[in-house]
Amino acid sequence: MTTSADGGGAGEAFTAAVVGGSGFTGGELLRLLVGHPAFDVVQATSREYEKKTVGYVHPNLRGLDLRFSSPEELESVDVLFAATPHGVSMQHVDAFRDAADLVVDLSADFRLPEAELYDEWYDGHAAPEHLADAEYALPELNRGNLAGADLIAAGGCNATATLLAMKPLVDAGVVSDEDRVVVDVKVGSSEGGAGGGKASSHPERSGVVRPYAPTGHRHEAELEAYLGLSTAFTVHAVEMVRGASATCHAFPGGPVTKGDLWGAYRGAYEDEPFVDVVAGGGGTYRYPEPKAVAGTNRAEVGFALDPGNERVVAFGAIDNMMKGSAGQAVHAANVALGLEETAGLDQLGLHPVGSP
């Protein structure tokens, strides 16, 4: 760590590395960190593109004087961001933690609190001894535990959109673990990553509303772990590049008024720097819309009341690569390091804009 006259609110500059920097979220991390007042990016790794410039892969970063290096040759840094496929970080976490004071992992490898959950929802865990050290990255849920953390695990993008939508209802006691909750999430093609395969190719993806996880989606485990909710969860692939939009149908056990809902959402988010409540106002965009937050760390949440069916519909919209991944990771790192929470994350969305 070095001292800087204009560093992130505390006068400090932190060296940073991005492992897996050639993927979509790795590129987003590099974009955010290069523009961050308190980070100095000194390494980005990629096996496939070793020795190539970062701009060779990420054309928006052509002005960055940095080349990809081997992940086997990690530099000693203050913060290491790991944007690797699921299963990689757990194999290399010891090396990551040896190389950096703070490790922020963007895969699923440390986002669940218990090894048994990895046995149930994934393919087990290779380094369960590290799970007790990991803190869930989403500050809106876990801010109090992030300060001073040395291992942080970013949440899943579909889970993030749903957690933000449902948290006010749980906190206010409108919805409990005894109530039925049905979640439908629509996601963009970037969720499949840079190597998404045939299903994510343009000819196959164009024009679709494709259910690809009708039941048993792994992000259900995060909702259970961090909200205590058991949900019926379905995910659709749709024709957008960025974005995750969660529509949550909750059936509370008691009466609910619109005033109760406004109180719950305002109470949860009135002091949150990156969450906006959008619930049936005027204009074209009356409810949360991924297009409105594309490229930003912002989230939109909202609700509608259906008294005839004793139903509350809760909405959450995010950019899956920002609030659902890279932006969330940087936000959590800001909290962990005692920086201004909004440092490097003050981007606003564009309007009008094409497919996000």
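Use the structure listed above.
Residues numbered from 1 in each chain as written. Predicted model: local features only at pLDDT ≥ 70, side-chain atom pairs only at ≥ 80, totals over all residues. Heavy atoms only, no water.

1. Thoughts on the pairing of strand S15 (residues 311–318)
Piece 1. Buried residues dominate S15, accounting for 7 of its 8 residues.
Piece 2. Sheet topology note: the strand S12 (residues 244–251)/S15 ladder contains 7 bridges and is antiparallel. Bridge pairing in S15 places His249 opposite Val313.
Piece 3. Summarising the sheet, strand S14 (residues 299–306) and S15 pair through 8 bridges and their orientation is antiparallel. What sits directly across from Asp306, in S15, is Arg311.
Piece 4. Between S14 and S15, which follow one another and run antiparallel, lie 4 residues, and Glu310 among them has a positive phi close to 50°. (Buried < 20%, exposed > 50% of the residue type's maximum accessible area, 1.4 Å probe, protein only. Helix = DSSP H or I, 4+ residues; strand = E, 2+ residues; numbered from the N terminus. Pairing = 2+ DSSP bridges.)

2. Concerning a negative patch on the surface
Piece 1. Together, Glu114, Glu116, Asp119 and Glu120 make up a region of like negative charge exposed at the surface.
Piece 2. Relative to the assigned elements, Asp119 resides in helix H4 (residues 115–121).
Piece 3. Residue class for Asp119 comes out exposed when judged on its relative accessible area of 56%. (Patch = residues over 30% accessible without salt bridge, like charges linked within 9 Å, V, L, I, M, F, W, Y side chains within 5 Å. Areas by Shrake-Rupley, 256 points an atom, 1.4 Å probe, with all protein chains shown as cover. Salt bridge = Lys/Arg side-chain N within 4 Å of Asp/Glu carboxyl O. Lys, Arg positive; Asp, Glu negative; His and termini not counted. Charge placed at Lys NZ, Arg CZ, Asp CG, Glu CD.)

3. Comments concerning the packing of aromatic side chains
Piece 1. The final tally for this structure, using the stated rule, is 8 aromatic pairs.
Piece 2. Connected via pairs of aromatic rings, a cluster forms that spans Phe14, Phe39 and Phe81. (Phe/Tyr/Trp six-rings, centres within 6.5 Å; stacked < 30°, edge-to-face > 60°.)

4. Looking at helix H8 (residues 220–227)
Piece 1. All buried positions along H8 are accounted for by Glu220, Ala221, Glu222, Leu223 and Leu227.
Piece 2. Taken together, the buried residues of H8 touch H4, strand S7 (135–136), helix H6 (157–171) and strand S11 (232–238).
Piece 3. Trailing H8 by a residue or two, Gly228 shows a phi angle of about 70°, which is positive. (Contact = heavy atoms within 4.5 Å.)

5. A short note on the pattern of salt bridges
Piece 1. According to the stated counting rule, one finds 14 salt bridges in the structure shown.
Piece 2. One salt bridge connects Arg111 with Glu222, and the closest N-O pair in it is separated by 3.7 Å. Within this pair, whereas Arg111 is found in the loop between strand S6 (100–105) and H4, its partner Glu222 is found in helix H8, the two being separated by 111 residues in sequence. As far as burial versus exposure is concerned, Arg111 and Glu222 are alike and both buried.
Piece 3. The salt bridge partner of Asp184 is Lys186, with a shortest N-O separation of 2.3 Å.
Piece 4. Residue Asp184 is classed as buried on the basis of its relative accessible area, which comes to 17%.
Piece 5. Residues joined by salt bridges that share partners form a network here, namely Glu28, Arg31, Arg242 and Asp319.

6. A few points about the nonpolar core
Piece 1. Counting 40 residues, the largest nonpolar core has Met166, Leu169, Val175 and Tyr265 as the members making the most contacts within it.
Piece 2. Looking at this core, the elements that each hand over two or more residues are H6, strand S9 (180–187), H8, S11, S12, helix H9 (258–269), S14 and S15.
Piece 3. It is H6 that provides the largest number of residues to this core, a total of 8 residues.
Piece 4. Among all residues touching Leu169, those that are not within four sequence positions of it are Val174, Val175, Leu261, Tyr265, Val312 and Ala314.
Piece 5. Core analysis: the second largest hydrophobic core is formed by 37 residues, Val54, Leu61, Val330 and Ala333 among them. (Core = buried A, V, L, I, M, F, W, Y, C linked by side-chain atoms within 4.5 Å.)

7. Things to note about the side chain of Ser189
Piece 1. Inspection of the secondary structure assignment puts Ser189 in the loop between S9 and helix H7 (202–205).
Piece 2. Each residue touching Ser189, except ones within four places of it in the same chain, is listed here: Ser200, Arg205, Met240 and Val241.

8. Considering the sheet that holds strand S13 (residues 275–277)
Piece 1. The strand order across the open sheet formed by 7 strands is S10-S11-S9-S12-S15-S14-S13, and the pairing between neighbours is mixed. Of all strands in the sheet, those with a lone pairing partner are strand S10 (209–213) and S13, marking the two edges. Mean inter-strand twist for the sheet, computed between neighbouring axes without regard to direction, equals 20°. (Axes fitted to C-alpha atoms, helices over the stretch in contact; angles between N-to-C directions.)

9. Considering unusual backbone geometry
Piece 1. The amide bond that connects His351 to the next residue, Pro352, takes the cis arrangement and shows omega of -5°.
Piece 2. The residue Pro352 is located in the segment after helix H11 (322–337) in this model.
Piece 3. Residues other than glycine seldom take positive phi values, yet Glu310 does so here, at roughly 50°.
Piece 4. Position of Glu310 among the secondary structure elements: in the loop between S14 and S15.

10. A closer look at helix H3 (residues 89–99)
Piece 1. Buried within H3 are the following residues: Ser89, Met90, Val93, Phe96 and Ala99. For H3, the angular spread of buried residues about the axis comes to 130°, placing them on one side. Opposite the buried face of H3, by more than 90 degrees, sit the exposed residues Gln91 and Asp98.
Piece 2. Buried residues along H3 sit in contact with strand S2 (12–19), strand S5 (77–82) and S6. (Arc of directions from axis to C-beta.)

11. Examining the environment of Asn158
Piece 1. Mapping Asn158 onto the fold places it in helix H6.
Piece 2. For Asn158, a relative accessible area of 0% corresponds to the buried category.

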